[in-house]
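Survey of secondary and tertiary structure
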Amino acid sequence: MKQIIRFSLLLYSFYSFGQLPEGFVYVNEIIPSLNVELKYFSEKNFIGKPIEGYKSNKLILTKQTAEALKLINKHLKNKRLSLKVYDGYRPQRAVNHFIRWAKNLNDTINKSIYYPNVNKKDLFKEEYIAAKSGHSKGSTVDLTIIDTDTGKLLDMGSIYDFFGVQSWVNYEGITEEQKANRKLLHEVMTKFGFKNYPREWWHFTLKDEPFSNSYFDFPVE
Ligand SMILES: C[C@@H](N)C(=O)N[C@H](C)C(=O)O
Ligand SMILES: [Zn+2]
């Protein structure tokens, strides 16, 4: 009997500590010092509410992606810089939340901050948000760079998740410093095996992603 109880407790703790599917990791186990602020866990995002499926500020990625970020952070450390991550693995239920929100054209709480020049009805059509997102495959990250001396974000010429031409990687209407910062991010990410999404300076996918055809839906907890 005692053994059965012990076994049940073991099983309980196994699941209650957030067992991930094979191939996924909690990134803080690989890079404990990584700066992570999952915007969809908070109200500070284009919807203005926490997004379904984000139950904690824990960054989850495929193991290969986390290992690549570790190398990048190490590389940046020599320049007194480091990464700050806004999103990684995104459950399909979160994407479904985006889809539902997009259908309600009256709900535009954060339009002036995140999409002042794009009609809400066009956000999916103009490919600022995807109905099937690379993020749900676990090897895509949204991120920027911090100056570790000042603790400030490098100026990339637009805020994260600003949907508009200002966020396109090759947008010309930004300062030379902002262009240089985007170039630095782009170069370091591509050097370590990522490819960028041209409409969003912050969005990168590991080229050799392990789950290129699987969209996951387990919660971020
Ligand atoms: C919503 C934005 N952060 C994003 O990730 N956009 C791309 C296109 C996606 O939804 O995969
Ligand atoms: Zn993204």
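Residues numbered from 1 in each chain as written. Chains lettered and ligands numbered in written order. Predicted model: local features only at pLDDT ≥ 70, side-chain atom pairs only at ≥ 80, totals over all residues. Heavy atoms only, no water.

Selection criterion: UniProt positions are given in the numbering used here, feature names are shortened, and annotations may be inferred rather than shown by experiment.
As recorded in an unreviewed UniProt entry, the protein goes by the name D-alanyl-D-alanine dipeptidase, listed as coming from Seonamhaeicola sediminis. On record in UniProt, under Catalytic activity (unreviewed entry), the comment for the protein is "D-alanyl-D-alanine + H2O = 2 D-alanine".

1. Remarks on helix α3 (residues 92–103)
Note the cut-off: Here a helix means four or more residues in a row that DSSP labels H or I, a strand means two or more in a row labelled E, and each is numbered from the N terminus. Helices are assigned an expected span. That span is 1.5 Å times one less than the residue count. With a 1.4 Å probe rolled over the protein chains alone, any residue whose accessible area is under 20% of its type maximum counts as buried; one over 50% counts as exposed, and the rest are partly exposed.
The end-to-end C-alpha distance of α3, which contains 12 residues, comes to 17 Å, matching closely the 16 Å that a straight helix rising 1.5 Å per residue would cover. Considered for burial, the residues of α3 that qualify are Gln92, Ala94, Val95, His97, Phe98, Trp101 and Ala102.

2. Description of the packing of helix α2 (residues 63–77) against helix α5 (residues 176–191)
Angle between the axes and distance between the axes are the two parameters that describe a pair of packed helices. Which entries qualify depends on this criterion: Convention adopted: a line fitted to C-alpha atoms gives each axis, helices being fitted over their contacting stretch, and angles between N-to-C directions are expressed from 0 to 180 degrees. An angle below 35 degrees is read as roughly parallel, one above 145 as roughly antiparallel, one from 65 to 115 as roughly perpendicular, and any other as oblique. Left-handed describes a crossing in which the near helix is turned anticlockwise from the far one by less than a right angle; the clockwise case is right-handed. Any two residues whose heavy atoms approach within 4.5 Å at even a single point are treated as in contact. Under the scheme applied here, ten amino acids are nonpolar (Ala, Val, Leu, Ile, Met, Phe, Trp, Tyr, Cys and Pro), four are charged (Asp, Glu, Lys and Arg), and all others, including Gly, are polar.
Two numbers describe how α2 lies on α5: the axes approach to 10 Å, and their chain directions differ by 130 degrees. The orientation of α2 with respect to α5, classified from their angle, is oblique. Note on packing geometry: the crossing formed by α2 with α5 is right-handed. Contacts between α2 and α5 involve Leu69, Ile72, His75 and Leu76 from the former and Val188, Met189 and Lys191 from the latter. When its residues are assigned to classes, the contact of α2 with α5 shows 5 nonpolar, 1 polar and 1 charged.

3. Details of the packing of aromatic side chains
Condition: Here a pair means two rings of Phe, Tyr or Trp (six-membered ring of Trp) with centres within 6.5 Å. Their orientation is stacked below 30 degrees between planes, edge-to-face above 60, and tilted elsewhere.
In total, this model carries 18 aromatic pairs according to the counting rule given. Ring plane angle 85 degrees and centroid distance 5.2 Å describe the contact between Phe24 and Phe218, whose orientation is recorded as edge-to-face. Of this pair, Phe24 sits in strand β1 (residues 24–26) while Phe218 sits in the segment after β7 (200–206), placing them 194 residues apart in sequence. By the burial criterion, Phe24 is buried, and Phe218 matches it.

4. Section: the sheet that holds strand β2 (residues 35–36)
To keep it simple, the criterion reads: Strand pairing follows a simple DSSP-based rule, namely that at least 2 bridges must link the two strands.
One open sheet accounts for 5 strands, arranged β2-β4-β5-β7-β6; its pairing is mixed. Two strands bound the open sheet, and with one partner strand each, they are β2 and β6 (194–197). Where strand β5 (residues 140–147) meets β7, 3 bridges bridge the pair, whose relative direction is antiparallel. From the neighbouring strand, Val141 faces β7, where its bridge partner is Phe204. Across the sheet, α2 lies against β4 (81–87), β5, β6 and β7, angled at about 145 degrees from β4, the strand it touches most. Contacting β4, β5, β6 and β7, α5 crosses the sheet at an angle of about 125 degrees to β5.

5. Describing the site of ligand 1
Keep this limit in mind: To be near a molecule or strand, a residue needs just one of its heavy atoms within 4 Å of it. Whenever a nitrogen or oxygen atom comes within 3.5 Å of another N or O atom, the pair is scored as a polar contact, on the condition that within protein one atom can donate a hydrogen and the other can accept it, and that pairs from neighbouring residues in sequence are kept only if both atoms are in side chains. Accessibility throughout is a Shrake-Rupley quantity obtained with a 1.4 Å probe, and a residue counts as covered only by protein chains that appear here.
Close contacts around ligand 1 come from 15 residues, with Tyr40, Arg90, Tyr128, Ser133 and Asp161 the closest. Here Ser133 contributes a side-chain N or O atom positioned 2.7 Å from an oxygen atom of ligand 1. Measuring from an oxygen atom of ligand 1, one finds a side-chain N or O atom of His135 at 3.3 Å. Relative to its unbound accessible surface of 320 Å², ligand 1 loses 96% to contact with the protein.

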